[in-house]
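Each chain, written out:
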Amino acid sequence: MCTTAVDFGLGLRPQHYEEIEARPGRVSWFEALSENYMEPGGNPLHWLEKLRRDYPIALHGVSLSVGSIDPLDTDYLASLKALAERIQPMWISDHLCFTGLRGINMHDLLPLPYTGEALDHVADRVLRVQDALGRRLVIENVSSYITYAASEMTEWEFIAELARRADCDLLLDVNNVYVSAFNHELDALSFLRGMPHDRVRQFHLAGHAHKGSHIIDTHDHPIVDGVWSLYREAVKLFGNVPTMIERDDNIPSYDELLAELDIARGIARETMSPVHATASAAS
Ligand SMILES: [Fe+2]
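Residues numbered from 1 in each chain as written. Predicted model: local features only at pLDDT ≥ 70, side-chain atom pairs only at ≥ 80, totals over all residues. Heavy atoms only, no water.

**Comments concerning the coordination of the iron ion**
Around the iron ion, the protein supplies Glu140 (OE), Asp173 (OD), His204 (ND1) and Glu246 (OE) as donor atoms, at distances of 2.0 to 2.3 Å. Around the iron ion sit four donor atoms, and with donor-metal-donor angles ranging over 87 to 175 degrees the site reads as irregular. Mapped onto the sequence, the donors of the iron ion take the spacing E-x32-D-x30-H-x41-E. Taken together, the residues aspartate 173 in strand β8 (residues 169–173) and histidine 204 in strand β9 (residues 200–205) connect sequence positions 31 residues apart. We classify aspartate 173 as buried; its relative accessible area is 0%. Among the residues examined, histidine 204 registers a relative accessible area of 0% and is labelled buried. (Donors = N, O, S within 2.8 Å, 3.2 Å for Na, K, Ca; no water. Tetrahedral: all angles 85-135°; square planar, octahedral: opposite > 155°, others 65-115°. Helix = DSSP H or I, 4+ residues; strand = E, 2+ residues; numbered from the N terminus. Buried < 20%, exposed > 50% of the residue type's maximum accessible area, 1.4 Å probe, protein only.)

**Re a nonpolar patch on the surface**
Together, Tyr145, Ile146 and Ile216 make up a nonpolar patch on the protein surface, roughly 250 Å² of accessible area in all. Secondary-structure assignment places isoleucine 216 in strand β11 (residues 215–216). Residue isoleucine 216 is classed as partly exposed on the basis of its relative accessible area of 30%. (Patch = residues over 30% accessible without salt bridge, like charges linked within 9 Å, V, L, I, M, F, W, Y side chains within 5 Å. Areas by Shrake-Rupley, 256 points an atom, 1.4 Å probe, with all protein chains shown as cover. Salt bridge = Lys/Arg side-chain N within 4 Å of Asp/Glu carboxyl O.)

**So, the environment of glycine 100**
Along the polypeptide, glycine 100 turns up in strand β5 (residues 98–101). Since its relative accessible area comes to 5%, glycine 100 is described here as buried. Spatially, the C-alpha atom of glycine 100 lies 7.0 Å from that of serine 68, the residues being 32 residues apart in sequence. In this view, glycine 100 contacts Ser65, Ser68, Asp70 and Met106; residues no more than four positions away in its chain are not counted. (Contact = heavy atoms within 4.5 Å.)

**A short note on the pattern of salt bridges**
This model, assessed by the stated rule, comprises 16 salt bridges. As a salt-bridge pair, glutamate 21 and lysine 50 come within 3.2 Å of each other at their nearest N and O atoms. Placement of the pair is glutamate 21 in helix α1 (residues 17–22) and lysine 50 in helix α2 (residues 43–52), with a sequence separation of 29 residues. What makes glutamate 21 partly exposed here is its relative accessible area of 41%. Linking aspartate 169 and arginine 201 is a salt bridge whose minimum nitrogen-to-oxygen distance equals 3.0 Å. Of this pair, aspartate 169 sits in strand β8 while arginine 201 sits in strand β9, and the two are 32 residues apart along the sequence. Residue class for arginine 201 comes out partly exposed when judged on its relative accessible area of 30%. Connected through salt bridges with shared partners, the residues Arg136, Asp167, Asp169, Arg199 and Arg201 form a single ionic network.

**Concerning the side chain of serine 65**
Along the chain, the position of serine 65 falls in the loop between β3 (57–60) and α3 (74–87). Leave out the neighbours within four places in its chain, and serine 65 touches Cys97, Phe98, Thr99, Gly100 and Arg125.

**A short note on the confidence of the model for the protein chain**
Looking at the protein chain, pLDDT values average 93 and 95% of them are 70 or higher. Predicted confidence is poor over residues 278–283, with pLDDT under 50, and the contacts of this stretch with residues over four places away or in other chains come to zero contacts. (pLDDT = per-residue confidence, 0-100.)

**Points about unusual backbone geometry**
Phi is positive for glutamine 88, which is not a glycine, with a value near 50 degrees. As for its placement among the helices and strands, glutamine 88 is situated in the loop between α3 and β4 (92–95). Judged by relative accessible area, glutamine 88 falls into the partly exposed class, the value being 40%. Residue arginine 102 is not a glycine yet carries a positive backbone phi of 50 degrees. Structurally, arginine 102 is set in the loop between β5 and β6 (104–110).

**What to know about the environment of valine 174**
Tracing the sequence through the fold places valine 174 in helix α6 (residues 174–184). We classify valine 174 as buried; its relative accessible area is 0%. Spatially, the C-alpha atom of valine 174 lies 19 Å from that of leucine 12, the residues being 162 residues apart in sequence. Residues in contact with valine 174, not counting those within four places in the same chain, are Phe203, His204, Leu205, Val227, Leu230, Tyr231 and Ala234.

**As for the packing of α6 against helix α8 (residues 225–238)**
Here α6 crosses α8 at 120 degrees, and the two axes come no closer than 9 Å. Comparing their axes, α8 and α6 come out oblique. Read as a crossing pair, α6 and α8 show a hand that is right-handed. Residue-level contacts link Val174, Asn175, Val177 and Tyr178 of α6 to Gly226, Val227, Leu230, Tyr231 and Ala234 of α8. (Axes fitted to C-alpha atoms, helices over the stretch in contact; angles between N-to-C directions. Parallel < 35°, antiparallel > 145°, perpendicular 65-115°, else oblique. Left-handed = near helix turned anticlockwise from the far one by under 90°.)

Written out as structure tokens, the structure is:
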């Protein structure tokens, strides 16, 4: 398994399979949506196994519902474990959320109340998922549109304590921080600074739809300047963390995504250069 040359990646989308194969070497790694590749023998799994020969793959799920009070879906976990055994991913990630209740899937990544009770619950569930998968899980912060009056701590305090208790790693979605910070009038930099440095395994970058009074996390637009600025701060804080762009709708050409990834490369290179580091130390 290759984990050393991992820097800038893209979400693996079917529209780009053939181009990725025809034009190798433009991207260091890909993130595959776990649920799209769980069916044995299907064409998607055929492509994933083919591309896996040339690229490290991270598996990223949306259905774990690790924060739910429904029982953990053991069939889903078994399918995910079987996929991981076939693909040998660098890591497996999913979101700090619940996706429904009493078996009803809301098809959304719903935030948790940030309470001690919820923390106990989700930390226990992450530990059980990790036992089932036989590996450490990588947990991602979600974007949100609601908060709970019952919350007793900030989202970043909750996530940091979850990582400590469950001994899991973190996927820091910079766009999600930007979206939630705007929607809830939070300080995005405080969020970043609240993430435990040694747990951040991956960054997500994405576009969104700004509606004036609120932002919707649509993943169907290019990344905006404010998210690039926040990414610059994340690189300052966490260094050379594997970074990828999530584009889930209105999928552009492969070249367009490669150009956007070049912006990320440029920001990381500039932010981590010795000149910048010297200037930062002097300021
Ligand atoms: Fe994300």
